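Remarks on the overall topology
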Amino acid sequence: MLKDKKILLGVTGGISAYKAIDLASRLTKAGAVVRTILTKNAQEFVTALNFAAITGNPVLTKEFQLNEPIAHVEWAGWADLIVVAPATGNILAKAANGIADDLLSSTLLASPKPIFFAPAMNIFMYANKATQNNVETLKSYGHYLMEPASGMLACGYEGKGRLPEPAEIAQAISIILNSTRDLVGKKLLITAGASRESIDPMRFITNHSTGKMGLALAIAAYWRGAEVTLIHSWIDQSPPEYINAIKALTAQEMHNEVFRTRKDQDAIIMTAAVADYRPAQPQSDKIKKSGDLSLELVRTKDILADLGNDKLEGQILVGFAAESENLNENAKAKLHKKNLDYIVANDLAVSGMNETNINIISQDSQIEFAGSKLAAANQILDTIFKV
Ligand code: CTP
C-alpha cells in the first residue's frame, strides 16, 4: 500500500529521534520513496547519514543551500505526505502558529496538504495547556495527530509522551495515503477478539481468534475520520493508544458493553469470536485432578442476534461468519436469522494471520475480496458506508 508513495519525513530533536531511523527503514522497505529533513536539534541525536543510507534518498538539514535554493517549497510540493516523527512541542507550536524559521517549519508552512504529526515529549510538556491548544489547532486545520503512547519516558517520568512504535506509525501512514477522511461524523462500534469463559481461577475456554480483523477495522475507520469504540476480548496485540478501547473478556461482559454503548452508533461491526457456551458453574477454587471430569456448558447470549431483534433505526449491523464449509449458504442463513444488513463470510481454510479472503454479503449484493486485513477493512468500510 506504500509502493512509490512520496513521503517527506521531518525529524525533530527528541530522544526518540532514533526511532525515526526505524520508521524510515520500514517505509522504504514497503516501497515508499522517503526524503528526510532533520532539524538542528535532531542532529544532536541522529545524523543525516543514517537517513541517507537507509532511504537511499536526499536528506536536508539547512535552508538556502546553493543546490536546493527553495527546498521548502519544492519538497513540500513533491510529497504525497509529510510526516513529522518525533514531533517536539516546539515544532507543534511553530506549525500551529505559522512560524517558519528553519527548513522544516518553512516546509510545513509551504505544504498545501494535511500533515501527519507524531508528538513525543516529556509528560508535562505534552499535557501543558499550550501544547494541548496547539494540538487542537493543528487538528482543526485538518492535520493528522497520533497520540503519544504511555510508559516510562527517557526523562524518568512515567506517563503519556512516548513516540508510538514505528510499525504503528507506518500502518497509520499507509491508511492515510490510501484513503481520505470520508468517515468524519460517523460513529462506529467494533468488537474483536476471543472470549474467555472461566472454568476455575486458572483455566478458561477460548478460541483461536487473534482479533486482527477487528483491530484493522478500528484503525482504518479511525484514520478515515470516524469516532471509533473498540470492545475487545482477548486479542494478540494491544490496540493502539489512540483507539478508545474497552476490555470485555466474557460473552456476558461484551453483551453488557455493547448494549451500554450502542446508542448513536452509525454502525456496529461484530468481528469478535464470542463464545457460544460457557461453563455452567465456574469454580472459585482451582479444580483438583482426580478421575475423569465432564464439564457442563450452557449457552451464552447471542449479542448480534439480540441487536438484530431490537434493531435501532438507521443503525447498520454487520456480522462475521467464519466457516469451514458451505461458506455462502451458511453466511446468508446467519444474515437472515440475525436480521443483519451485512455479513462478512470468511473461509477458515483460506484466511491466514495477516491475509484474508472475504465475501461481503447483503440481501442483494455480494462482494468478494482477497488481500491484507487492512485492505479488507477498507473494503468493508467502503461497502457498508457506500463510499
Ligand atoms: N456472535 C455474537 N454472540 C454470540 C456468538 C456470536 O454476537 N454469542 C456474533 C459474532 O461476533 C459474529 C456472528 O455472531 O459476528 C456469527 O457468529 P458465529 O459463531 O459464526 O455464528 P453462530 O450463529 O454462533 O453459528 P455457528 O456457531 O453455529 O456457526
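Residues numbered from 1 in each chain as written. Predicted model: local features only at pLDDT ≥ 70, side-chain atom pairs only at ≥ 80, totals over all residues. Heavy atoms only, no water.

Turning our eyes to something else, we now look at the pairing of strand 8 (residues 158-162). Pairing of strand 7 (residues 149-152) with strand 8 involves 4 bridges; the strand directions are antiparallel. Note on strand 8: the bridge partner recorded for Ser150 is Lys160. Hairpin connection of strand 7 to strand 8: 5 residues between the antiparallel strands, including Gly156 at a positive phi of 100°. (Pairing = 2+ DSSP bridges. Helix = DSSP H or I, 4+ residues; strand = E, 2+ residues; numbered from the N terminus.)

Moving on, we come to the domain arrangement of the protein. Partitioning the protein into structural domains gives domain 1 (6-177) and domain 2 (187-385). For domain 1 and domain 2, the distance between their C-alpha centroids amounts to 36 Å. Across the contact, 13 residues belong to domain 1 and 8 residues belong to domain 2. Carbon and sulfur atoms make up 68% of the surface buried where domain 1 meets domain 2, a total of about 960 Å² over both sides. Taken together, domain 1 and domain 2 are joined by 0 salt bridges. Of all the secondary structure elements, the ones that give two or more residues to the side of domain 1 that touches domain 2 are strand 6 (144-145), strand 7 and helix 8 (166-177). With 5 residues, the single largest contributor to the side of domain 1 that touches domain 2 is helix 8. For the side of domain 1 that touches domain 2, the class distribution of residues is 9 nonpolar, 2 polar and 2 charged. (Domains from an automatic or database assignment. Contact = heavy atoms within 4.5 Å. Buried area = accessible area lost by both parts, 1.4 Å probe. Salt bridge = Lys/Arg side-chain N within 4 Å of Asp/Glu carboxyl O. Nonpolar A, V, L, I, M, F, W, Y, C, P; charged D, E, K, R; others polar.)

Following the sequence through the fold, Ser106 ends up in helix 5 (residues 103-109). Look past the residues within four positions of Ser106 in its chain and what remains in contact with it is Glu63, His72, Ala100 and Asp101.

If you look at the biggest cluster of nonpolar residues, it comprises 68 residues, and the most contacted ones within it are Phe116, Ile173 and Trp223. Here this core takes 9 residues from helix 9 (residues 212-223), the largest share from any one element. Per-domain counts for this core show at least three residues from each of domain 1 (6-177) and domain 2 (187-385). Setting aside anything within four residues of it in sequence, one finds Phe116 in contact with Leu81, Ile82, Val83, Val84, Tyr144, Met146, Ile169, Ala172, Ile176 and Trp223. Core analysis: the second largest hydrophobic core is formed by 24 residues, Ala87, Ile115, Phe117 and Met121 among them. (Core = buried A, V, L, I, M, F, W, Y, C linked by side-chain atoms within 4.5 Å. Buried < 20%, exposed > 50% of the residue type's maximum accessible area, 1.4 Å probe, protein only.)

Taken as a whole, this structure holds 6 aromatic pairs when the rule is applied. Judged by centre distance (5.6 Å) and plane angle (50°), the rings of Phe116 and Trp223 are tilted. Note that Phe116 is positioned in strand 5 (residues 115-119) and Trp223 in helix 9, a separation of 107 residues in sequence. Considered together, Phe116 and Trp223 belong to a single accessibility category, that of buried residues. Judged by centre distance (4.6 Å) and plane angle (40°), the rings of Tyr222 and Tyr242 are tilted. Taken together, the positions of Tyr222 in helix 9 and Tyr242 in the loop between strand 12 (227-232) and strand 13 (244-247) put the pair 20 residues apart, joining distant regions of the chain. Classification of Tyr222 by relative accessible area gives partly exposed; the value is 23%. The cationic tip of Arg181 hangs over the ring face of Tyr144; the distance from NZ or CZ to the ring centre is 3.9 Å. The cationic tip of Arg196 hangs over the ring face of Trp234; the distance from NZ or CZ to the ring centre is 4.0 Å. (Phe/Tyr/Trp six-rings, centres within 6.5 Å; stacked < 30°, edge-to-face > 60°. Lys NZ or Arg CZ within 6 Å of the ring centre and 35° of its normal.)

All right, on to the sheet that holds strand 4 (residues 81-87) then. If you walk across this open sheet you meet the 6 strands as 3-2-1-4-5-6, and the pairing is parallel. Strand pairing shows two members of the sheet lacking a second neighbour, strand 3 (59-60) and strand 6, which therefore form its edges. Bridge count between strand 1 (residues 6-11) and strand 2 (residues 33-38): 6 bridges; the pairing is parallel. Across the sheet, the residue bridging to Leu8 is Arg35, located in strand 2. Packed onto the sheet, helix 1 (residues 17-29) meets strand 1, strand 2 and strand 4 and runs at close to 175° relative to strand 1. (Axes fitted to C-alpha atoms, helices over the stretch in contact; angles between N-to-C directions.)

Turning next to the site of the ligand. In the vicinity of the ligand lie 14 residues, with Met270, Ala272, Phe320, Lys334 and Lys338 positioned nearest. In this structure, a nitrogen atom belonging to the ligand sits 3.0 Å away from a main-chain N or O atom of Ile303. In this structure, Lys338 approaches the ligand through a side-chain N or O atom, which is 2.8 Å from an oxygen atom. Taking 580 Å² as the accessible area of the ligand by itself, protein coverage stands at 77%. Structurally, the ligand is housed in the largest pocket. (Near = heavy atom within 4 Å. Polar contact = N/O pair within 3.5 Å; in protein donor to acceptor, adjacent residues only side chain to side chain. Areas by Shrake-Rupley, 256 points an atom, 1.4 Å probe, with all protein chains shown as cover. 1 Å grid on protein atoms, 1.4 Å probe; cavity = no way out; pocket = protein on both sides within 12 Å on 5 of 7 lines; lining within 4 Å. Sits in = over half its atoms within 2 Å of the grid points.)

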